[in-house]
Each structure stands twice: as structure tokens, then as C-alpha cells.
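Descriptive analysis of the structure
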Amino acid sequence: MTVLEAIHNRKAYRKLERIDIGDELIEQLAEAAQLAPSCFNKQPWKYVFVKDAKQLEELKDAYSAGNEWCYDASMVIAVFSRKEDDCVIRDREYYLFDTGISAGFLMLRATELGYVAHPIAGYSPKKVRNALGIPEIYDVVTLICVGKKVDLSHDPEVREQEETRAPRKDFREFVFVDRYGQGV
């Protein structure tokens, strides 16, 4: 699978099949995250890969209403960082940007390997920090729910909902050439 194919295949599926997660998968995802670029190579990101059933159960309390589908994740990856671990150049803080690139690399690698890696914003950072022992000095940037996509061939209505990609903006709405407002 090419990078472009992984980009096209990555989707935020919500119907997940539970699978066993081995250390090899964690290492492959961590390696992809590790290779991401960062300001002066500071690599400010940190990850907790949660695969233990008891820990996954403890995380359930952290999810916002509407994210109950995360209960079926085989692994949840807590992504966190802090400003002090990355570049601050005048008023530009790079830690969230750099951590986001790293998480994006991880998600594309998961897609390439045939897994769903769905990032969420609906969670309580405080509850996540408490459940996973993450110090308060860190900002929990996202949780990534990992599993296998459920075979929905028996349920066409749900399959269509899961397979249909949310509409994307036309690139002409956000791409300018040479100067803001100057379209392609």
C-alpha cells in the first residue's frame, strides 16, 4: 500500500471488532510515530498504548457521551505532550503540531497494516490522566481507538453509514497560490 492509498483508506470507522494486540503491532506503530519530523528534532510526543482489559475498562469512564463505540476498541492509545518539551519561537508553540504529525504517521501505519485507528476528541483529559498515571504537566492531545473494521456485509444500512466518507471541502476553499485569496 502506498502512502496515498493509506490516506485514502484511512477512515474513522466506529464499528470495531475486538482482536488480540501483540507487542509487535505496538512496536510498528511506535516506530512510525518515532519517525515523524519535529522542531529541532525535539520529539515532544508521548504515548500510552492501552491493551489490558482492566485498563481499557477503566478508560470507559473518560469517554464523552456518544463515544460508547470506543468500548469495542482492542487498544486505545493516549497521545500526550507538553509545551516545555518542544520549540517555542516567539509566540509559536510547536508541541501540538509536532505531536499531531507523529500521531498522523501512527494512524497511517495502522491503516497500512489493516487496522482502524480512530482519533477522538470526546474524552475527559483529567480522567484519562488519572486512569493511566499521566502527570498533570502533560496535555492529553487525543485518544486513538484501534481495532479491526467489522464485516458489515450482512447489514447494508450500517455498512453504507460506515463506508461513506464525510464530505470533504473542495481544495479551492483552503488552497491559495502565492498570496491569500489567490486561488488555484
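Before any of the text, the structure's been laid out above.
Given the structure is predicted, the values throughout are model-derived calculations rather than measurements.

**A few points about the state of the cysteines**
Summed over all chains, the structure comprises one disulfide. The residue that forms a disulfide with C39 is C87, at a sulfur-sulfur distance of 2.1 Å. The sign of the S-S torsion, about -95°, decides the handedness of the disulfide formed by C39 and C87: left-handed. Placement of the pair is C39 in the loop between helix 2 (23-34) and strand 2 (46-50) and C87 in the loop between strand 3 (75-81) and strand 4 (88-89), with a sequence separation of 48 residues. Residue classification places C87 among the buried residues on the basis of a relative accessible area of 6%. Lacking any disulfide linkage, C70 is separated from the closest cysteine sulfur, that of C145, by 3.2 Å. A relative accessible area of 0% means that C145 is categorised as buried.

**Considerations on unusual backbone geometry**
The phi torsion at F40 lies on the positive side, around 50°, for a residue other than glycine. Of note, F40 is situated in the loop between helix 2 and strand 2. Residue class for F40 comes out exposed when judged on its relative accessible area of 68%. With a phi angle near 55°, N41 is a residue other than glycine that sits in the positive phi range.

About the criteria used
- Residues numbered from 1 in each chain as written.
- Predicted model: local features only at pLDDT ≥ 70, side-chain atom pairs only at ≥ 80, totals over all residues.
- Heavy atoms only, no water.
- Disulfide = S-S within 2.5 Å.
- Helix = DSSP H or I, 4+ residues; strand = E, 2+ residues; numbered from the N terminus.
- Buried < 20%, exposed > 50% of the residue type's maximum accessible area, 1.4 Å probe, protein only.

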